[in-house]
Amino acid sequence: MAHSLEAIQEITSRFSEISKAFGLQINIHKTELLYQLSPNNRNSEHNAQKIVIIDGEVLNTMHKFKYLGSYISDDNKVDTEISDRIQMVSAAYGKLKKRLWDSYDISLTTKFAVFRAVILPALLYSMETMPLYRRHFNKLTNFQLRHLRQMLKLHWSDKIPNMEVLRRAGMPSIEALVTKAQ
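Residues numbered from 1 in each chain as written. Predicted model: local features only at pLDDT ≥ 70, side-chain atom pairs only at ≥ 80, totals over all residues. Heavy atoms only, no water.

Novice: So, the overall build of the protein: which residues are in play, and what are the values?
Specialist: Check the secondary structure of the protein and you find 7 helices and 6 strands. When the helices and strands of the protein are placed in sequence order, the string is α-β-β-β-β-β-β-α-α-α-α-α-α. Relative to its length of 182 residues, the protein is extended, with a C-alpha radius of gyration of 23 Å against a globular reference of 16 Å. Principal-axis analysis of the C-alpha atoms gives the protein an extent of 65 × 40 × 25 Å. Buried positions account for 31% of the 182 residues belonging to the protein. Here the contacts in the protein between residues at least 6 apart in sequence split such that 66% fall between residues at least 24 apart. Carbon and sulfur atoms make up 55% of the accessible area of the protein, which amounts to about 12400 Å² in all. Side chains of the protein carry 25 positive and 18 negative charges; the gap between the two charge centres is 12 Å. (Helix = DSSP H or I, 4+ residues; strand = E, 2+ residues; numbered from the N terminus. Rg over C-alpha atoms; globule rule 2.2 N^0.38 Å. Buried < 20%, exposed > 50% of the residue type's maximum accessible area, 1.4 Å probe, protein only. Contact = heavy atoms within 4.5 Å. Areas by Shrake-Rupley, 256 points an atom, 1.4 Å probe, with all protein chains shown as cover. Lys, Arg positive; Asp, Glu negative; His and termini not counted. Charge placed at Lys NZ, Arg CZ, Asp CG, Glu CD.)

Here it is, written out as structure tokens:
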């Protein structure tokens, strides 16, 4: 991490030299550069060449990558992270569909408890640290309400308001959960 491309070049060059002193070599194909502009310099540096060279080879420049399970992007937006999280949790929800959600042997109270204990924490993990906007809350809320409606066996044509769905499920909204965690 550095404040300028020149500083990044200096750090990577020194790292490469020190690595060679220990008999190690940096794999250029596995090393990537993600350059985030500061809010003050977004317009002035946007078209600048973002090139860092190690041992005569140019590092690949990425716009986003996954690090420790979360996406980091060059524009600091969390849209990809939210979409990926919804997709991951939808897959987990789908794996429990036959055994839990569609089962008549399991009470609705137990289903809601599992949803609260398993699905929501996976969906909202570290969301309190992200800069969320109305569009993000809408996506997350749509996920929550869609699945609660499935559990309650409500059809869209029933025209049940969202607040009533949350009341029947005994759950707060996504926005309330994130705000409380903050």
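Following the structure, the description resumes.
Novice: Please provide a residue-by-residue account of the packing of helix 5 (residues 134–152) against helix 6 (residues 162–169), values included.
Specialist: The contact between helix 5 and helix 6 brings their axes to 10 Å, and the two run at 60 degrees. Judged on the interaxial angle alone, helix 6 and helix 5 are oblique. Between helix 5 and helix 6 the crossing geometry is left-handed. For the pair helix 5 and helix 6, contact is made by Gln144, Leu145, Leu148, Arg149 and Leu152 and by Asn162, Val165, Leu166, Arg168 and Ala169, respectively. For the contact of helix 5 with helix 6, the residue count by class is 6 nonpolar, 2 polar and 2 charged. (Axes fitted to C-alpha atoms, helices over the stretch in contact; angles between N-to-C directions. Parallel < 35°, antiparallel > 145°, perpendicular 65-115°, else oblique. Left-handed = near helix turned anticlockwise from the far one by under 90°. Nonpolar A, V, L, I, M, F, W, Y, C, P; charged D, E, K, R; others polar.)

Novice: Talk me through the packing of aromatic side chains; I want residue IDs and the actual numbers.
Specialist: Counted according to the given criterion, the structure contains 3 aromatic pairs. With centroids separated by 6.5 Å and ring planes inclined at 85 degrees, the aromatic side chains of Tyr93 and Phe115 adopt a geometry described as edge-to-face. Within this pair, whereas Tyr93 is found in helix 2 (residues 79–95), its partner Phe115 is found in helix 4 (residues 108–124), the two being separated by 22 residues in sequence. Since its relative accessible area comes to 4%, Tyr93 is described here as buried. With a centroid separation of 6.3 Å and 75 degrees between ring planes, the pair formed by Trp101 and Phe115 is classed as edge-to-face. Residue Trp101 is located in helix 3 (residues 97–101), and its partner Phe115 is located in helix 4; the two are separated by 14 residues in the primary sequence. Judged by its relative accessible area of 2%, Trp101 falls in the buried class. The buried category is assigned to Phe115, whose relative accessible area is 0%. Put simply, the rings of Tyr93, Trp101 and Phe115 pair up and form one aromatic cluster. (Phe/Tyr/Trp six-rings, centres within 6.5 Å; stacked < 30°, edge-to-face > 60°.)

Novice: Tell me what's going on with a nonpolar patch on the surface, and back it up with residues and numbers.
Specialist: On the surface, Ile18, Phe22 and Leu24 cluster together to form a nonpolar patch covering roughly 370 Å² of accessible area. The topology assignment puts Phe22 in the loop between helix 1 (5–21) and strand 1 (32–34). On the basis of relative accessible area, Phe22 is assigned to the exposed category, the value being 67%. (Patch = residues over 30% accessible without salt bridge, like charges linked within 9 Å, V, L, I, M, F, W, Y side chains within 5 Å. Salt bridge = Lys/Arg side-chain N within 4 Å of Asp/Glu carboxyl O.)

Novice: How would you summarise the packing of helix 4 against helix 7 (residues 174–181) if you had to cite specific residues and measurements?
Specialist: For any two helices packed against each other, one specifies the crossing angle of their axes together with the interaxial distance. Contact pair helix 4 / helix 7: the axes reach a minimum separation of 12 Å and the direction vectors enclose 65 degrees. Here helix 4 lies roughly perpendicular to helix 7, going by the angle between them. For the pair helix 4 and helix 7, the sense of crossing is right-handed. In this structure, helix 4 contributes Leu120, Leu123 and Leu124 to the contact, and helix 7 contributes Ile174, Leu177 and Val178. For the contact of helix 4 with helix 7, a count of residues per class yields 6 nonpolar, no polar and no charged.

Novice: Requested: an account of helix 1, with residues and values cited.
Specialist: The terminal C-alpha atoms of helix 1 lie 24 Å apart, and with 17 residues this matches the ideal 24 Å at 1.5 Å per residue to within 8%. Of all the positions in helix 1, only Leu5, Ile8, Thr12, Ser16 and Ser19 are classed as buried. Projection of helix 1 onto a plane perpendicular to its axis shows the buried side chains occupying an angular sector of 65 degrees, all on one side. Structural note: helix 1 exposes Glu6, Arg14, Glu17, Ile18 and Ala21 on the side pointing more than 90 degrees away from its buried face. (Expected span 1.5 Å × (residues − 1). Arc of directions from axis to C-beta.)

The analysis is restricted to geometry; functional conclusions fall outside its scope.
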